[in-house]
Amino acid sequence: MRDSTGPDFIEAVARGLDVITAFGSTGQNRSLAELAAATGLARPTVRRILLTLDELGYVRSDAGTFSLTARVLDLGMAYVSASSIWEIARPHLSELSVRTGESCSLAQLDGSDIVYVARVAVPKLVTLSVSIGTRFPAPVTSLGKVLLAALDPAELDRVLALPTRSTVVTASSPERDETLASLREVRAAGWALTDQQLGPAIRSVAAPVRDGSGRVVAAVNVNAHAAETSVETLIDEHLPALLTAASAISSDWARWESRPLAELSEHPKLAR
(Lines give C-alpha, C1' and ligand atoms only; values in the text may rest on other atoms or scores of the structure.)
Protein backbone atom coordinates (compact mmCIF):
# COMPACT_ATOMS: atom_id res chain seq x y z
CA MET A 1 0.00 0.00 0.00
CA ARG A 2 1.05 3.60 -0.57
CA ASP A 3 1.71 6.17 2.11
CA SER A 4 -0.28 9.41 2.46
CA THR A 5 -3.31 8.41 0.41
CA GLY A 6 -6.76 9.75 1.11
CA PRO A 7 -10.07 7.89 1.33
CA ASP A 8 -10.85 8.68 -2.31
CA PHE A 9 -7.53 7.33 -3.62
CA ILE A 10 -8.06 4.66 -6.32
CA GLU A 11 -5.22 2.16 -6.06
CA ALA A 12 -6.06 0.45 -9.36
CA VAL A 13 -5.59 3.69 -11.32
CA ALA A 14 -2.28 4.35 -9.58
CA ARG A 15 -1.06 0.83 -10.36
CA GLY A 16 -1.98 1.22 -14.01
CA LEU A 17 0.02 4.43 -14.25
CA ASP A 18 2.92 2.74 -12.42
CA VAL A 19 3.01 0.04 -15.08
CA ILE A 20 2.97 2.58 -17.92
CA THR A 21 5.83 4.60 -16.40
CA ALA A 22 7.80 1.40 -15.70
CA PHE A 23 8.48 1.08 -19.42
CA GLY A 24 10.90 3.96 -19.00
CA SER A 25 11.66 6.82 -21.36
CA THR A 26 12.45 4.46 -24.26
CA GLY A 27 9.18 2.54 -24.10
CA GLN A 28 11.07 -0.57 -25.26
CA ASN A 29 9.79 -4.12 -24.92
CA ARG A 30 9.53 -5.36 -21.33
CA SER A 31 8.70 -8.76 -19.96
CA LEU A 32 6.07 -9.38 -17.32
CA ALA A 33 8.81 -10.19 -14.81
CA GLU A 34 10.68 -6.94 -15.55
CA LEU A 35 7.55 -4.84 -15.12
CA ALA A 36 6.62 -6.61 -11.90
CA ALA A 37 10.11 -5.99 -10.52
CA ALA A 38 10.08 -2.33 -11.60
CA THR A 39 6.69 -1.61 -10.03
CA GLY A 40 6.96 -3.87 -6.98
CA LEU A 41 3.58 -5.38 -7.87
CA ALA A 42 2.68 -9.06 -7.99
CA ARG A 43 2.91 -10.67 -11.42
CA PRO A 44 -0.82 -11.56 -11.58
CA THR A 45 -1.67 -7.93 -10.85
CA VAL A 46 0.71 -6.62 -13.54
CA ARG A 47 -0.63 -9.19 -16.00
CA ARG A 48 -4.22 -8.01 -15.51
CA ILE A 49 -3.17 -4.39 -15.90
CA LEU A 50 -1.26 -5.17 -19.11
CA LEU A 51 -4.18 -7.07 -20.57
CA THR A 52 -6.45 -4.12 -19.79
CA LEU A 53 -4.02 -1.64 -21.34
CA ASP A 54 -3.70 -3.93 -24.36
CA GLU A 55 -7.46 -3.97 -24.84
CA LEU A 56 -7.59 -0.18 -24.53
CA GLY A 57 -4.83 0.21 -27.11
CA TYR A 58 -2.08 1.63 -24.89
CA VAL A 59 0.06 -1.54 -24.89
CA ARG A 60 0.79 -4.29 -27.41
CA SER A 61 2.08 -7.78 -26.69
CA ASP A 62 4.54 -9.72 -28.81
CA ALA A 63 6.13 -13.10 -28.07
CA GLY A 64 5.84 -12.78 -24.32
CA THR A 65 6.94 -9.14 -24.08
CA PHE A 66 5.02 -5.88 -23.97
CA SER A 67 5.59 -2.42 -25.40
CA LEU A 68 3.78 0.90 -25.32
CA THR A 69 1.84 2.11 -28.35
CA ALA A 70 1.67 5.63 -29.73
CA ARG A 71 -1.71 6.04 -28.06
CA VAL A 72 0.10 6.72 -24.78
CA LEU A 73 1.01 10.09 -26.30
CA ASP A 74 -2.67 11.03 -26.02
CA LEU A 75 -2.28 11.17 -22.24
CA GLY A 76 0.39 13.83 -22.45
CA MET A 77 -1.11 15.71 -25.36
CA ALA A 78 -4.37 16.08 -23.44
CA TYR A 79 -2.48 18.33 -21.04
CA VAL A 80 -0.75 20.25 -23.82
CA SER A 81 -4.02 20.79 -25.67
CA ALA A 82 -5.89 21.84 -22.54
CA SER A 83 -3.38 24.54 -21.68
CA SER A 84 -2.87 25.71 -25.30
CA ILE A 85 0.78 25.98 -24.32
CA TRP A 86 2.05 24.56 -27.60
CA GLU A 87 -0.05 26.89 -29.74
CA ILE A 88 1.13 29.87 -27.72
CA ALA A 89 4.83 28.99 -27.71
CA ARG A 90 5.27 27.44 -31.16
CA PRO A 91 5.71 30.57 -33.33
CA HIS A 92 8.09 32.15 -30.84
CA LEU A 93 10.15 28.96 -30.44
CA SER A 94 10.35 28.63 -34.22
CA GLU A 95 11.52 32.22 -34.63
CA LEU A 96 14.03 31.83 -31.80
CA SER A 97 15.40 28.66 -33.36
CA VAL A 98 15.84 30.40 -36.71
CA ARG A 99 17.58 33.39 -35.10
CA THR A 100 19.98 31.27 -33.04
CA GLY A 101 20.34 28.20 -35.24
CA GLU A 102 19.83 26.09 -32.12
CA SER A 103 17.15 23.86 -30.60
CA CYS A 104 14.72 25.69 -28.32
CA SER A 105 12.35 24.28 -25.71
CA LEU A 106 9.68 25.17 -23.19
CA ALA A 107 9.40 23.26 -19.91
CA GLN A 108 7.44 23.26 -16.67
CA LEU A 109 8.22 21.97 -13.20
CA ASP A 110 6.84 18.63 -12.05
CA GLY A 111 8.08 17.73 -8.60
CA SER A 112 11.85 18.09 -8.61
CA ASP A 113 12.03 17.55 -12.38
CA ILE A 114 11.41 19.59 -15.48
CA VAL A 115 9.14 18.21 -18.19
CA TYR A 116 9.40 19.43 -21.78
CA VAL A 117 6.02 20.64 -23.07
CA ALA A 118 7.06 22.31 -26.34
CA ARG A 119 10.16 22.07 -28.52
CA VAL A 120 11.59 23.09 -31.88
CA ALA A 121 14.70 21.05 -32.70
CA VAL A 122 17.41 21.49 -35.30
CA PRO A 123 19.54 18.63 -36.71
CA LYS A 124 22.75 19.10 -34.76
CA LEU A 125 25.05 17.12 -32.51
CA VAL A 126 23.17 15.75 -29.50
CA THR A 127 24.27 13.80 -26.44
CA LEU A 128 20.80 13.31 -24.95
CA SER A 129 17.55 12.71 -26.79
CA VAL A 130 14.86 15.28 -25.95
CA SER A 131 11.21 15.36 -26.98
CA ILE A 132 7.92 16.55 -25.54
CA GLY A 133 7.43 14.69 -22.27
CA THR A 134 11.15 14.20 -21.60
CA ARG A 135 11.99 14.59 -17.90
CA PHE A 136 15.29 15.77 -16.37
CA PRO A 137 16.30 16.66 -12.78
CA ALA A 138 15.64 20.38 -12.42
CA PRO A 139 18.80 21.51 -10.53
CA VAL A 140 21.18 20.56 -13.38
CA THR A 141 19.24 22.26 -16.19
CA SER A 142 18.94 25.92 -17.09
CA LEU A 143 15.18 25.49 -17.43
CA GLY A 144 14.99 23.91 -13.99
CA LYS A 145 17.09 26.60 -12.34
CA VAL A 146 14.76 29.29 -13.67
CA LEU A 147 11.71 27.44 -12.38
CA LEU A 148 13.22 26.58 -8.99
CA ALA A 149 14.44 30.14 -8.49
CA ALA A 150 10.84 31.37 -8.77
CA LEU A 151 9.62 29.28 -5.80
CA ASP A 152 9.20 30.70 -2.33
CA PRO A 153 11.60 29.27 0.32
CA ALA A 154 9.12 26.80 1.83
CA GLU A 155 8.04 25.42 -1.54
CA LEU A 156 11.64 25.24 -2.72
CA ASP A 157 12.59 23.17 0.35
CA ARG A 158 9.69 20.81 -0.33
CA VAL A 159 10.53 20.40 -4.02
CA LEU A 160 14.25 19.85 -3.50
CA ALA A 161 13.45 17.09 -1.00
CA LEU A 162 11.51 15.13 -3.61
CA PRO A 163 13.33 12.32 -5.47
CA THR A 164 13.74 12.70 -9.22
CA ARG A 165 11.57 10.57 -11.49
CA SER A 166 14.02 10.92 -14.36
CA THR A 167 15.99 7.86 -15.44
CA VAL A 168 18.86 9.94 -16.83
CA VAL A 169 22.27 9.74 -15.15
CA THR A 170 23.42 13.36 -15.08
CA ALA A 171 26.97 14.62 -15.45
CA SER A 172 26.82 16.37 -12.07
CA SER A 173 24.86 16.07 -8.83
CA PRO A 174 25.15 19.38 -7.00
CA GLU A 175 24.84 19.52 -3.24
CA ARG A 176 21.96 21.47 -1.74
CA ASP A 177 24.14 24.46 -0.76
CA GLU A 178 25.56 24.62 -4.28
CA THR A 179 22.06 24.55 -5.75
CA LEU A 180 20.81 27.30 -3.44
CA ALA A 181 23.80 29.50 -4.28
CA SER A 182 23.16 28.97 -7.99
CA LEU A 183 19.50 29.88 -7.59
CA ARG A 184 20.42 33.13 -5.84
CA GLU A 185 22.47 34.06 -8.90
CA VAL A 186 19.56 33.21 -11.18
CA ARG A 187 17.18 35.42 -9.20
CA ALA A 188 19.63 38.30 -9.42
CA ALA A 189 20.28 37.88 -13.14
CA GLY A 190 16.78 36.95 -14.29
CA TRP A 191 18.06 34.06 -16.39
CA ALA A 192 20.09 30.84 -15.97
CA LEU A 193 23.04 29.18 -17.66
CA THR A 194 24.27 25.61 -17.41
CA ASP A 195 27.49 24.30 -18.91
CA GLN A 196 27.70 20.50 -19.12
CA GLN A 197 25.94 19.85 -15.81
CA LEU A 198 23.18 17.78 -17.36
CA GLY A 199 25.39 15.85 -19.73
CA PRO A 200 28.73 16.09 -21.55
CA ALA A 201 28.89 18.93 -24.10
CA ILE A 202 25.38 20.23 -23.28
CA ARG A 203 25.14 23.97 -22.77
CA SER A 204 21.97 26.00 -22.44
CA VAL A 205 20.59 29.33 -21.34
CA ALA A 206 17.02 29.80 -20.09
CA ALA A 207 14.61 32.56 -19.15
CA PRO A 208 11.26 32.62 -17.34
CA VAL A 209 7.82 32.76 -18.91
CA ARG A 210 5.23 34.58 -16.78
CA ASP A 211 1.46 34.76 -16.69
CA GLY A 212 -0.60 37.94 -16.43
CA SER A 213 0.02 38.21 -12.67
CA GLY A 214 3.78 37.96 -13.10
CA ARG A 215 4.00 34.40 -11.77
CA VAL A 216 6.59 32.16 -13.46
CA VAL A 217 4.65 29.39 -15.19
CA ALA A 218 7.29 27.94 -17.50
CA ALA A 219 10.80 28.44 -18.78
CA VAL A 220 12.19 28.67 -22.31
CA ASN A 221 15.73 27.87 -23.35
CA VAL A 222 18.28 27.74 -26.14
CA ASN A 223 20.24 24.50 -26.10
CA ALA A 224 23.64 24.05 -27.76
CA HIS A 225 26.53 21.63 -28.14
CA ALA A 226 29.77 22.75 -26.51
CA ALA A 227 31.79 21.77 -29.57
CA GLU A 228 29.78 24.18 -31.71
CA THR A 229 28.70 27.01 -29.41
CA SER A 230 30.75 28.78 -26.75
CA VAL A 231 29.42 30.12 -23.48
CA GLU A 232 30.21 33.62 -24.76
CA THR A 233 28.05 33.05 -27.84
CA LEU A 234 25.19 31.79 -25.68
CA ILE A 235 25.30 34.88 -23.47
CA ASP A 236 26.28 37.62 -25.92
CA GLU A 237 24.31 36.51 -28.99
CA HIS A 238 21.59 34.04 -28.02
CA LEU A 239 20.50 35.41 -24.64
CA PRO A 240 19.08 38.71 -26.00
CA ALA A 241 16.98 36.79 -28.53
CA LEU A 242 15.89 34.37 -25.80
CA LEU A 243 14.77 37.17 -23.50
CA THR A 244 12.77 38.70 -26.34
CA ALA A 245 11.08 35.36 -27.04
CA ALA A 246 10.32 34.76 -23.36
CA SER A 247 8.72 38.19 -23.11
CA ALA A 248 6.62 37.56 -26.23
CA ILE A 249 5.42 34.18 -24.96
CA SER A 250 4.57 35.76 -21.61
CA SER A 251 2.54 38.49 -23.29
CA ASP A 252 0.63 35.98 -25.42
CA TRP A 253 0.05 33.76 -22.41
CA ALA A 254 -1.37 36.68 -20.41
CA ARG A 255 -3.59 37.68 -23.33
CA TRP A 256 -4.84 34.11 -23.71
CA GLU A 257 -5.65 33.86 -20.00
CA SER A 258 -7.58 37.14 -20.03
CA ARG A 259 -9.90 36.20 -22.88
CA PRO A 260 -13.57 35.59 -21.99
CA LEU A 261 -14.38 31.94 -21.26
CA ALA A 262 -17.05 31.87 -23.96
CA GLU A 263 -14.54 33.07 -26.53
CA LEU A 264 -11.98 30.52 -25.36
CA SER A 265 -14.46 27.69 -25.84
CA GLU A 266 -15.22 28.83 -29.37
CA HIS A 267 -11.64 29.62 -30.36
CA PRO A 268 -9.22 27.43 -28.41
CA LYS A 269 -6.23 28.63 -30.40
CA LEU A 270 -4.77 31.99 -29.57
CA ALA A 271 -5.79 34.64 -32.10
CA ARG A 272 -2.76 36.29 -33.58
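The structure presented is a predicted model; accordingly, all values stated were derived computationally and were not measured.

**Description of a nonpolar patch on the surface**
Next, step 1: Residues Ile 10, Val 13 and Leu 17 make up a contiguous nonpolar surface patch of about 280 Å² in total accessible area.
Next, step 2: As for its placement among the helices and strands, Leu 17 is situated in helix α1 (residues 11–21).
Next, step 3: Leu 17 gets classed as partly exposed once you look at its relative accessible area, which sits at 46%.

**Some thoughts on the pattern of salt bridges**
Next, step 1: As enumerated under the stated definition, the model contains ten salt bridges in all.
Next, step 2: Arg 90 is the partner of Glu 87 in a salt bridge, and the nearest nitrogen-oxygen pair spans 2.9 Å. Residue Glu 87 and its partner Arg 90 are located together in helix α5 (residues 85–100), separated by three residues, close to a single helical turn.
Next, step 3: Under the relative-accessibility criterion, Arg 90 is labelled partly exposed at 33%.
Next, step 4: Two residues, Asp 211 and Arg 215, come together in a salt bridge whose shortest N-O distance is 3.4 Å.
Next, step 5: What emerges from the salt-bridge pattern is a single network uniting Asp 110, Asp 113, Arg 135 and Arg 165.

**Focus: the side chain of His 238**
Next, step 1: Checked against the element boundaries, His 238 lands in helix α9 (residues 231–258).
Next, step 2: Given a relative accessible area of 6%, His 238 falls into the buried group.
Next, step 3: Beyond its immediate sequence surroundings of up to four residues, His 238 is in contact with Thr 100, Glu 102, Val 222, Thr 229 and Thr 233.

**So, unusual backbone geometry**
Next, step 1: The phi dihedral of Ala 63 is positive, around 50 degrees, even though this residue is not glycine.
Next, step 2: Among the structural elements, Ala 63 can be located in the loop between β2 (59–62) and β3 (65–68).
Next, step 3: A relative accessible area of 76% means that Ala 63 is categorised as exposed.
Next, step 4: Positive phi outside glycine occurs at Gln 196, with the angle close to 65 degrees.

**Regarding the packing of helix α2 (residues 32–39) against helix α3 (residues 43–56)**
Next, step 1: For the pair α2 and α3, the least separation of the axes is 9 Å and the interaxial angle reads 110 degrees. The orientation of α2 with respect to α3, classified from their angle, is roughly perpendicular. Along this stretch, α2 crosses α3, giving a crossing that reads as right-handed. Together, Leu 32, Ala 33, Leu 35, Ala 36 and Thr 39 of α2 and Arg 43, Val 46, Arg 47 and Leu 50 of α3 make up the contact between the two elements.
Next, step 2: Taken together, the residues of the contact of α2 with α3 break down into six nonpolar, one polar and two charged.

**Points about the sheet that holds strand β6 (residues 135–137)**
Next, step 1: The six strands lie next to each other as β6-β5-β4-β9-β8-β7, forming an open sheet whose pairing is antiparallel. A single partner strand is all that each edge strand has here, and the edge strands are β6 and β7 (192–195). The sheet shows a mean angle of 30 degrees between the axes of neighbouring strands, direction not considered.
Next, step 2: Bridge analysis of strand β4 (residues 103–110) against strand β9 (residues 216–225) gives five bridges, and the strand direction is antiparallel. Following the sheet pairing, Ser 103 is matched in β9 by Asn 223.

**Let's talk about the layout of surface pockets**
Next, step 1: Approximately 270 Å³ is the volume found for the second largest pocket.
Next, step 2: Classifying every residue of the lining of the second largest pocket by side-chain character gives eight nonpolar, six polar and three charged.

**Quick word on the sheet that holds strand β1 (residues 30–31)**
Next, step 1: Spatially, β1-β3-β2 is the arrangement adopted by the three strands of the open sheet, whose pairing is antiparallel. Among the strands making up the open sheet, the edge pair consists of β1 and β2.
Next, step 2: The sheet contact formed by β1 and β3 spans two bridges and is antiparallel. Within β3, the residue paired with Arg 30 across the bridge is Phe 66.

Conventions adopted
- Residues numbered from 1 in each chain as written.
- Predicted model: local features only at pLDDT ≥ 70, side-chain atom pairs only at ≥ 80, totals over all residues.
- Heavy atoms only, no water.
- Patch = residues over 30% accessible without salt bridge, like charges linked within 9 Å, V, L, I, M, F, W, Y side chains within 5 Å.
- Areas by Shrake-Rupley, 256 points an atom, 1.4 Å probe, with all protein chains shown as cover.
- Salt bridge = Lys/Arg side-chain N within 4 Å of Asp/Glu carboxyl O.
- Helix = DSSP H or I, 4+ residues; strand = E, 2+ residues; numbered from the N terminus.
- Buried < 20%, exposed > 50% of the residue type's maximum accessible area, 1.4 Å probe, protein only.
- Contact = heavy atoms within 4.5 Å.
- Axes fitted to C-alpha atoms, helices over the stretch in contact; angles between N-to-C directions.
- Parallel < 35°, antiparallel > 145°, perpendicular 65-115°, else oblique.
- Left-handed = near helix turned anticlockwise from the far one by under 90°.
- Nonpolar A, V, L, I, M, F, W, Y, C, P; charged D, E, K, R; others polar.
- Pairing = 2+ DSSP bridges.
- 1 Å grid on protein atoms, 1.4 Å probe; cavity = no way out; pocket = protein on both sides within 12 Å on 5 of 7 lines; lining within 4 Å.
- Points joined across faces, edges and corners; volume = space filled by probe spheres on them.

Geometric descriptors of this kind do not, in isolation, establish any biological role.
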